[in-house]
Amino acid sequence: MAHPHTAAYTRDRGLVDYGAEVENEIATIHAVIEQNADLSTRYSPRWLALKLLEEDEDILEKLHSNQNHTGLIAQAATSVEHLRAVYGDDVDTIIADRRYGWIHGLVKETVQHTTTERLSLSDKIDRIATNRVLGIPIFLALMWVVFKVTTDVAGPYLDWVDGVIGGPITNWVVAILGVLGLDGGWVESLFVDGIIAGVGGVLVFVPVMMSLYLALAILEDSGYMARAAFVMDRLMHALGLHGKSFLPMIVGFGCTVPAFYATRTLENEKDRILTGLLVPFMSCGARLPVYALFAAIFFPENAGAVIFWMYITGIVVAIVLGVILKNTLFKGKEQAPFVMELPPYRLPTLKAIWFHMWERTRGFVRKAWGLIMATSVIIWVLLAIPVGGSGAFANTAVDKSAFAAVSQGMAPIFKPAGFGNWRASGALVTGFVAKEVVVGTMAQVYAVEEGEEAAESTTFFEDVGAILTSFVGATVDTLKSLPLIVGIDLFEGEEEEELTDLMVAVRDDFEATSNGHGALASLSFMLFVLLYTPCMVAVAAERQELGAKWTWVSVVGQLALAWIIAAIVFQGGMLLGLG
Amino acid sequence: MLKQLLREIANNGGSSHAHLAQRLDISATLLEQMLEDLARKGYLAPVMAPAVCTGCSGCRLRQTCTLNASPPTAESQGWILTPKGRRCAETTLQDYRKQA
């Protein structure tokens, strides 16, 4: 394109050089502006030319209001078109690009740093924590520590809560019922075998949940969790998954319900559905009591490691499935990279950590008193109804109950996975209400079956004394277990902790139904709990976010996947002579 | 510089502000300005962290929260390349390769 005014135009020194093409167009527009005395006196011609090339809305509006400027507007439009054709991009971006380049050059030439710029502590830590090679191993190592703390530190308190619920609290409830004349009948059974066994079976894990929430609160408040999300995002992006998918998945570690709602941040429907299908594989907090129970029974020496690997397995399954789906059903464009502002590391305050931990623990306890109590009562009723045998309501053998009848029908399905007993099958069904209920149901089923032990006669003050004494004992045991986090056992010679009645009952049942491969069957059971359908509240959220069709795909798909993986682990382990 | 920044984002996958500023040899403030400019022009889109923090108003933890000094906003959470940004980055990358 010929530019008649180019030769006459010279750029003042000190002005930004926008490059030959842009400068030529500036010169052309500049010349047209100078022909209009009114404009050239009101505005700097070069500035006005740039604004026209940038298609500044305010300026264009002002010029459009005057018929005399039609020629100038037309020239500006021609110049913009020309530059777009040359650069293949928006002219305002080309201009901004040059400006930033000029600023950068100016700063480099003029600013002298009197002292060597030092990296902040956050920058120094990030060089290692978010390093492309070290980032993921560091994330895994920290998660390992979190689960070691969760199991080793909380273990003694778990036994303490179990003792308090099974001893003094049960005694007090029975005593109160005795005063009211309701002892010895179905009311006592409802309270002791239904509510206390069911809700208590879940509440026993409050110390485990508190430990987990404490560790996560420290990681969040220190600023590390943002780095973890960043490191995970980089991994997911490398695998072709959406950069934003990590956000709902991180939320899924706490609870699957908000994780489904978090998929709304993905604009593309395919990405949103794909992420929604992967979210339930992130192990939510409610599954932790199941892992804690089975890891303590079958892998007491490596409980923390087992729980850690459960969480990692969830992530790996989600990523593998994501890659498969992304290359088949959800095939689409390549995913966009992601830039993230990482907050500086901070020293967490005790108050903030306590509040974060308490808010989450309170949610867990509230759930136990609401949904879990209601489910425990329903299960107790089903256990109390006699089916096909002798006995009366609340006075029937547990394996002759309505609950057992329904569960026995499903037990053969799980035989290839090693836990084809009706108690485990029944617990998995009730787990659909809430994952904590799996443990609560087991506590009810096994406690009922064992029969009631004769309670020792103690006074109220003796019970309080025992609670306080055992709390001190649990604290001492916890302190002793602290070195275990880093693998040092200072009290190796000391007696191993005894399993509770529930643990012994579960162990014996799993050993019996798996032909002596209880550990393998428990691993397969934990994997099934990790991978199968999330709780009903989560499914409702899933339906709301993904629609009925994809919810069915997810529910059926997860059940099938959970069964296949559980069966492969059990059968494969048997073939390899494990467990 | 803007195109160089887009190229860096597209070429290196997930990145943090600090890493980008270091790679481009610019200050963090200039980088933030450039990211906001690119977002205004439609090359980047902001990403929010969902259900994690909805701001300080009404939050029970506001007295103790360590994020108090700089509460997260939609703009401060992160940025993702838009299709327009990706196209531009690819063109720039091709030009850069030709030059190289």
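Residues numbered from 1 in each chain as written. Chains lettered and ligands numbered in written order. Predicted model: local features only at pLDDT ≥ 70, side-chain atom pairs only at ≥ 80, totals over all residues. Heavy atoms only, no water.

## Some thoughts on the confidence of the model for chain B
Residues and elements named next belong to chain B.
- Overall, the prediction assigns chain B a mean pLDDT of 69, with 62% of residues at 70 or greater.
- Between the elements of chain B, mean pLDDT differs from a low of 44, seen in helix α4 (residues 74–77), to a high of 86, seen in helix α3 (residues 28–40).
- Counting contacts from residues 49–54, a segment whose pLDDT is below 50, to residues more than four positions away or on other chains yields nine contacts.
- Long-range and interchain partners of residues 60–76, a stretch whose pLDDT sits below 50, account for 28 contacts in this model, where long-range means more than four residues apart. (pLDDT = per-residue confidence, 0-100. Helix = DSSP H or I, 4+ residues; strand = E, 2+ residues; numbered from the N terminus. Contact = heavy atoms within 4.5 Å.)

## Description of a nonpolar patch on the surface
- A cluster of nonpolar side chains, contributed by Trp186(A), Ile378(A), Val381(A), Leu382(A), Ile385(A), Val387(A) and Phe393(A), occupies part of the molecular surface with about 580 Å² of accessible area.
- Summarising the element assignment, Ile385(A) is placed in the loop between α18 (350–384) and α19 (402–410). (Patch = residues over 30% accessible without salt bridge, like charges linked within 9 Å, V, L, I, M, F, W, Y side chains within 5 Å. Areas by Shrake-Rupley, 256 points an atom, 1.4 Å probe, with all protein chains shown as cover. Salt bridge = Lys/Arg side-chain N within 4 Å of Asp/Glu carboxyl O.)

## What to know about the nonpolar core
- Counting residues in hydrophobic clusters, the biggest one holds 113 residues, and the most contacted among them are Leu293(A), Phe294(A), Phe419(A), Met442(A), Phe510(A) and Phe525(A).
- Of all the elements, helix α17 (residues 303–326) of chain A adds the most residues to this core, at twelve residues. (Core = buried A, V, L, I, M, F, W, Y, C linked by side-chain atoms within 4.5 Å. Buried < 20%, exposed > 50% of the residue type's maximum accessible area, 1.4 Å probe, protein only.)

## Looking at the packing of aromatic side chains
All names here are of chain A.
- Here the structure, examined in full by the defined rule, presents 22 aromatic pairs over all chains.
- A centroid spacing of 5.1 Å and a plane angle of 40° characterise the contact between Trp 172 and Phe 460, whose relative ring orientation is tilted. With Trp 172 in helix α9 (residues 155–179) and Phe 460 in helix α22 (residues 460–481), the pair connects residues that are 288 residues apart, well separated along the chain.
- Look at Trp 172 and you get partly exposed, because its relative accessible area is 27%. (Phe/Tyr/Trp six-rings, centres within 6.5 Å; stacked < 30°, edge-to-face > 60°.)

## Things to note about the pattern of salt bridges
Residue and element names in this part refer to chain A.
- Following the criterion strictly, the structure yields 18 salt bridges over all chains and no others.
- Here Glu 23 ties to Arg 46 by a salt bridge, and the two come within 3.0 Å at their closest N and O atoms. With Glu 23 in helix α1 (residues 20–34) and Arg 46 in helix α3 (residues 45–53), this residue pair connects regions lying 23 residues apart in the sequence. Each member of the pair, Glu 23 as well as Arg 46, is classed as buried.

## A closer look at the environment of Cys535(A)
Residue and element names in this part refer to chain A.
- Mapping Cys 535 onto the fold places it in the loop between α24 (518–531) and α25 (536–546).
- Judged by relative accessible area, which is 14%, Cys 535 ranks as buried.
- Measuring from C-alpha to C-alpha, the distance between Cys 535 and Lys 415 comes to 23 Å, with 120 residues separating the pair along the chain.

## Let's talk about the confidence of the model for chain A
Residue and element names in this part refer to chain A.
- For chain A, the mean per-residue pLDDT works out to 82, and 89% of the residues sit at or above 70.
- Element-level mean pLDDT values for chain A span from 69 in strand β1 (residues 338–340) up to 95 in α24.
- In this model, residues 1–8 is a region of pLDDT below 50 whose contacts with residues beyond four sequence positions or in other chains number twelve contacts.
- Counting interchain partners and residues more than four positions distant, the pLDDT-below-50 stretch residues 448–452 has nine contacts.

## Some remarks on the packing of α3(A) against helix α4 (residues 57–64) of chain A
Residue and element names in this part refer to chain A.
- Running from N to C, α3 and α4 point in directions that differ by 105°, and their axes come no closer than 8 Å. By the angle between their axes, α3 is roughly perpendicular relative to α4. Contacts between α3 and α4 involve Trp 47, Leu 48, Lys 51 and Leu 52 from the first element and Ile 59, Leu 60 and Leu 63 from the second.
- Partitioned by chemical class, the residues of the contact of α3 with α4 number six nonpolar, no polar and one charged. (Axes fitted to C-alpha atoms, helices over the stretch in contact; angles between N-to-C directions. Parallel < 35°, antiparallel > 145°, perpendicular 65-115°, else oblique. Nonpolar A, V, L, I, M, F, W, Y, C, P; charged D, E, K, R; others polar.)

## Some points on α17(A)
- Between its first and last C-alpha, α17(A) extends 35 Å over 24 residues, near the 34 Å set by a 1.5 Å rise per residue.
- Counting buried positions along α17(A) gives 17 out of 24 residues, so the element sits mostly inside the fold. (Expected span 1.5 Å × (residues − 1).)

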